[in-house]
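# Examination of the molecular architecture
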Amino acid sequence: MKKLGYRELVTIGLGIIIGSGVITLTGFGIGHTDTGVGLAYILAGILFMFSMLPTLIVGVTIPRTSYSYTVSKELLSPVAGGMFLMIFFIGRIIMAFFGVAFANYVVSIIPNAPATPIAVGIVTLFYIFNLFGVQTATKVQKFLNILLVLALGSFAVLGCMKAMPDALTVERLFPNGFGGLISAVAMFMFSMGGGLTLLEFGGNVEKPQRTLLYAALTVTAIATLLFAAVGFAGASVLPYEQVANQPLTFAAQVIYSNKAGMLFFIIGGCLMAIMTTINGSLMWYCNTMIKGVEDGWFPKKVAAVNRFGAPYVLLTIFWIIGIVPILLGANVSLLSTVGTGLALLFYLIPNFALINLPKKYPEQWKASRFYIKEQWKVTLLTLVCSGLFVALIIYNFMSYSMTVLGIICGVLVVCFLYVLARKKYIPQ
């Protein structure tokens, strides 16, 4: 299989990170901090990368396919690896939300369009693309990314040009004080993780120590600046009361002077954002799961690949996870919130792997560009970064309903019991 290079990784990463999050979350961020939403995105990007610095260091020092699972197992314990894998797997229920979000935007253009078939169809379309292998899926992603960046870029530029005179005043930037800004930052943290998902492809990357690092930083930097510009544009063209907690289409009606421009934003921005997320996520999901399946947490046949190198059984499972809730009419918003909460938890687990890296892989650690001689400094860095992420997780969870928190706790208990029952079959 051909190795992935810098351009391919950036393409995949941008597709994952510049997705439905910026479309669906920005309006709520404006509700928290109005035009300060741009600053909130910048802080979220910086804080996410700092809090996940241990994960980045380990990922570029010992690159692996299914990186998060593998290092959790190797550097922490098989139980930690199993918990990561199971929490990640159950959290993929969020795929159904992407399909429904796509259908909702289509219906906003074509009111009588059948929402359920559209939602199922878009998930199915990218499932089929991914069956032809990661190279084919990446080519599709490149085309979609171009349209997406053009649409969001035009929204940002035209919106900033039409910003109201008071857009940069303290009253507009911090209508709810510092607490409002922090609430927006905490909410945006999850949407900044696309760059680090590239670590999951580590075993299939050309010159991974260098390529993974630069690709992850590039993706995060581009997304952070683009999100900040889009957020500021969306907040600044209308009074706070009219854009707070509203979709970006409200601001788009002012930013674009005609229906053609508005249509371009909905198709090239909203729809493309969701499409790139679905496509990129299917690639990410499979690369994250494959090694854990091969280890025996699931029947090993689940890891089977077709002649294009695509793990077709895994892809089929994720396709089913995506379409069944839609077909059953499940509360997809609730599933999305639960999936987001689980994502915050699974990001945290491999962060602690850095503590044991110097002892387990001393030669690779000494050769790393991040080499630190003293073990206590390595431990302190890990605890400080992870502590920041834990604080942001708690802040996020404070806004969740008791129903969502109860479901998350139930999922954790089920995962733990399954891991304990299954770990005896896993190679140590």
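Predicted, not measured: the structure shown is a model, and the values here were computed from it.

With that out of the way, let us pick up the pattern of salt bridges. Using the criterion set out here, one finds six salt bridges in the structure. A salt bridge links Arg64 to Glu74; its shortest N-O distance comes to 3.6 Å. Note that Arg64 is positioned in the loop between α4 (53-61) and α5 (67-75) and Glu74 in helix α5, a separation of 10 residues in sequence. Accessibility expressed as a relative area gives 25% for Glu74, which makes it partly exposed. Measuring nitrogen to oxygen at the nearest pair gives 2.9 Å for the salt bridge that ties Lys73 to Asp295. Separated by 222 residues along the polypeptide, Lys73 in helix α5 and Asp295 in helix α15 (residues 259-295) bring together distant segments of the chain. Residues Lys73 and Asp295 agree in their burial class; the two are buried.

Going through the model one piece at a time under the given rule, you end up with 22 aromatic pairs. With 5.6 Å between their ring centres and 85 degrees between their planes, Phe84 and Phe346 make a pair best called edge-to-face. Here the residue Phe84 occupies a position in helix α6 (residues 78-91), and Phe346 occupies one in helix α17 (residues 332-348), the gap between them amounting to 262 residues. Pairing Trp284 with Tyr285 gives two aromatic rings, centres 5.5 Å apart and planes at 50 degrees, and the pair type is tilted. Accessibility classification places Trp284 together with Tyr285 in one group, the buried group. One aromatic cluster is present, built from ring pairs that chain together Phe48, Phe84, Phe88, Phe89, Trp284, Tyr285, Phe298, Phe318, Phe346, Tyr347 and Phe389.

Here we come to a nonpolar patch on the surface. The grouping of Leu39, Ile42, Ile46, Val170 and Phe174 at the surface amounts to a nonpolar patch, some 410 Å² of accessible area in total. Among the elements that make up the nonpolar patch, the one with the highest residue count is helix α3 (residues 37-51) (three residues). Among the structural elements, Val170 can be located in helix α10 (residues 170-173).

Here we come to empty space enclosed by the protein. Under the definition given, this model contains two cavities of 30 Å³ or more. Quantified by volume, the largest cavity comes out at close to 120 Å³. Contributing to the lining of the largest cavity are 15 residues, with Ser68, Leu196, Glu200, Phe346 and Tyr347 lying nearest its centre. Counting residues per element, the ones that place at least two in the lining of the largest cavity are α5, α6, α15 and α17. Residues that form the lining of the largest cavity fall into these classes: 10 nonpolar, four polar and one charged. Quantified by volume, the second largest cavity comes out at close to 30 Å³. Lining the second largest cavity, in full, are Gly27, Ile30, Gly234, Val243, Gln246, Pro247, Leu248, Phe250 and Ala251. Breaking the lining of the second largest cavity down by element, the ones donating at least two residues are α2 (20-33) and α14 (248-255). The leading source of residues in the lining of the second largest cavity is α14, at three residues.

Each value, and the rule that gives it
Residues numbered from 1 in each chain as written. Predicted model: local features only at pLDDT ≥ 70, side-chain atom pairs only at ≥ 80, totals over all residues. Heavy atoms only, no water. Salt bridge = Lys/Arg side-chain N within 4 Å of Asp/Glu carboxyl O. Helix = DSSP H or I, 4+ residues; strand = E, 2+ residues; numbered from the N terminus. Buried < 20%, exposed > 50% of the residue type's maximum accessible area, 1.4 Å probe, protein only. Phe/Tyr/Trp six-rings, centres within 6.5 Å; stacked < 30°, edge-to-face > 60°. Patch = residues over 30% accessible without salt bridge, like charges linked within 9 Å, V, L, I, M, F, W, Y side chains within 5 Å. Areas by Shrake-Rupley, 256 points an atom, 1.4 Å probe, with all protein chains shown as cover. 1 Å grid on protein atoms, 1.4 Å probe; cavity = no way out; pocket = protein on both sides within 12 Å on 5 of 7 lines; lining within 4 Å. Points joined across faces, edges and corners; volume = space filled by probe spheres on them. Nonpolar A, V, L, I, M, F, W, Y, C, P; charged D, E, K, R; others polar.

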